[in-house]
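Residue-level structure breakdown
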Amino acid sequence: MKLYEKYPVHLSNSLSGEKEKFETITPGFVGMYVCGPTVYNYAHLGNARTFLTFDTISRYLRFIEYKVRYVRNITDVGHLESDADEGEDKIGKKARLEQLEPMEIVKRYTEDFHSMMRQFNILPPNIEPTATAHIIEQINIVKKLIDLGLAYEVNGSVYFDVKKYNQSHHYGILSGRNIEELMESGRELDSQDEKREKVDFALWKKASPQHIMRWPSPWGEGFPGWHIECTVMSTKYLGETFDIHGGGMDLKFPHHECEIAQATGANGRAPVKYWVHSNMLTVNGQKMSKSLGNSFLPAELFTGNHPLLQKGYSPMTVRFFMLQSHYSSTLDFSNEALNAAEKGFKKLSNALSLIKNLNQEKQEGINSELSKQLALLADECFKNMSDDFNTAKTLAVLFEMASRINDLKSGTLKINSIEKIIFTTFKSTYIGMMEEVLGLTEDASINNNLVDGTIQVLINLRKKVRADKNFALSDKIRDDLKAIGIQLKDGKDGEMSYEIEN
RNA sequence: GGUUCCGUGGCCGAGUGGCUAGGCUGAGCUCUGCAAAAGCUCCUACAGCGGUUCGAAUCCGCUCGGAACCUCCA
């Protein structure tokens, strides 16, 4: 029996608005597509939250023995800023400003994005396709949509005919909109517009003379519209219908709505079984975004070099902080919350290094009550994660487990009194949930052999003076180390350990 | 204006009909030469008003407050 059978996953499907049992198209296999970044600028913390969400989801699905293919794209064609017809290509604009080739812009910010992912211990997807590498496929699907009568060409641009599509399907199925309301509200079509209806969206745009990113097509030189790349790449690598499509809440409309329309129009079937949207990171209750000027760059966060921050926080602290809330809720970013997260994470992290060194030598005097309790805790981790990837609830259980680990370490609870199989499961679950599922590794310290050896010398020295009851000197050693950020901890049995504080 | 979501104890944040969330902070206790760490205990809430129900933070209605999307955004 696979773990995913023992702990069946339920997840919130944005399409139905309800929590549903997760049943994959092919038993044992999961295909997941997540909208990645547009690489025209530095990625900020709000962006990280979405990728963290799907990192955790893919990690957990693998942990419970699914075979996962995770595809996350890089958008390296400029989406158009402002209005879809007259806007400017973000990558092209940035390239002109910095006097670089568009691909230099793309390269720079892709590297930056990857480095941020690494810092937060967000694993790379299995496939990371780029839009520019799929121009031909995008042209092909546009042709197909024209042939099907779902798209029309005007002056070298091609638009999706939403009204036509809506005759046989429901445009707005994901975001709960209907086409009449959409046509009534918002911007009016002006005389310059090529679109038949304002709800129509571009599949292919003719490149203006100054537009630098351009490719030849049956309709002249141009570039693909915003939405089509995701449809092409998800279909190519995951099939016409796949299990999970993820992304930030702000992509629900129009981006994902358009994806559904294009793909359904072209292939005659709904592209996605479960739509999953992660919610926004907020600052003082407002969405963190570049345009609002309230975004944080990773470097600012780690160093604390930001007007709103009192100090710096480690990547793992931030990761833990984000996992303390459910991905579908907004999460507010503040100093207080980060401070609390730092301390909380430290507790879990300490327990992690402790349990790694805890082993059961022999089994004696079985405490069945304790055994039962520990078995239940391990079980709860899986149940909580399988319940819509509830990392907040899982962390609550891990805190319980951490307390028990401390008890085992201090001897308050006897490690040998636990049933062998239960101890093994308890240990592997704590370590597995922390490191593999939640991606919470121990913070990388400046720890190395030289430092460790030096501290051991001091520890041995201090043991000697303590034995001699020279407390003045032993306190001095401890205080002086503390002053440079090394905390000595005296154990019950005269053992000493240390911890490097950041 | 349209669509949708949220309002939980000092702070952050789970929970969607009956059963302890959890973290941080604060107070006390235990252990310790003293600390630190750790363990234990306490402070116990669901914006307001009304309704449904044997029973509601949880369902329904209204009021107040906040947010997201409808333009690019994760």
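Definitions and cut-offs
- Residues numbered from 1 in each chain as written.
- Chains lettered and ligands numbered in written order.
- Predicted model: local features only at pLDDT ≥ 70, side-chain atom pairs only at ≥ 80, totals over all residues.
- Heavy atoms only, no water.
- Helix = DSSP H or I, 4+ residues; strand = E, 2+ residues; numbered from the N terminus.
- Buried < 20%, exposed > 50% of the residue type's maximum accessible area, 1.4 Å probe, protein only.
- Contact = heavy atoms within 4.5 Å.
- Areas by Shrake-Rupley, 256 points an atom, 1.4 Å probe, with all protein chains shown as cover.
- Lys, Arg positive; Asp, Glu negative; His and termini not counted.
- Charge placed at Lys NZ, Arg CZ, Asp CG, Glu CD.
- Near = heavy atom within 4 Å.
- Polar contact = N/O pair within 3.5 Å; in protein donor to acceptor, adjacent residues only side chain to side chain.
- Domains from an automatic or database assignment.
- Buried area = accessible area lost by both parts, 1.4 Å probe.
- Salt bridge = Lys/Arg side-chain N within 4 Å of Asp/Glu carboxyl O.

Turning to the overall build of chain A, a few remarks are in order. Across its full length, chain A holds 17 helices and 15 strands. On the principal axes, the C-alpha backbone points of chain A span a range of 90 × 50 × 35 Å. Out of the 502 residues belonging to chain A, those deemed buried represent 51%. Considering only residue pairs separated by 6 or more positions, chain A has 73% of its internal contacts joining residues 24 or more positions apart. About 23,100 Å² of surface is accessible on chain A, with carbon and sulfur atoms providing 51% of the total. Positive and negative side-chain charges of chain A, numbering 60 and 67 respectively, have mean locations separated by a distance of 6 Å.

Our next topic: the protein's contact with RNA strand B. Near RNA strand B lie 59 residues; those nearest to it are Lys 90, Trp 226, Gly 248, Lys 287 and Met 288. The sugar-phosphate portion of RNA strand B accounts for 66% of its atoms within 4 Å of the protein, the bases making up the rest. A distance of 2.8 Å is found between a base nitrogen of RNA strand B and a backbone nitrogen or oxygen belonging to Gly 46. With respect to RNA strand B, the side chain of Ser 474 contributes an N or O atom lying 3.3 Å from a base oxygen. At the level of secondary structure, the elements contributing two or more residues to the surface near RNA strand B comprise helix H2 (45–63), strand E9 (242–248), strand E13 (331–332), helix H12 (335–356), helix H14 (391–410), helix H16 (449–467), helix H17 (471–483) and strand E14 (486–490). Ranked by residues supplied to the surface near RNA strand B, first place goes to H14 with eight residues.

The domain architecture assigned to chain A consists of domain 1 (3–278), domain 2 (290–437) and domain 3 (449–500). The straight-line distance from the C-alpha centre of domain 1 to that of domain 2 is 34 Å. Contacts between the two partners involve 33 residues from domain 1, matched on the other side by 35 residues from domain 2. Here domain 1 meets domain 2 over a buried area of about 3,000 Å², counting both sides, of which 66% is carbon and sulfur. Considering only the surface of domain 1 that becomes buried against domain 2, Leu 45, Arg 49 and Phe 63 emerge as the three largest contributors, covering 24% of it. For the pair domain 1 and domain 2, the number of links is two salt bridges. Asp 387 is the salt-bridge partner of Lys 19, the closest N and O atoms lying 2.7 Å from each other. The interface formed by domain 1 and domain 2 includes 16 residue pairs in polar contact (both at pLDDT 80 or more). Counting only elements with at least two residues in the side of domain 1 that touches domain 2, the list comes to strand E1 (10–13), H2, helix H4 (102–119) and strand E10 (272–278).

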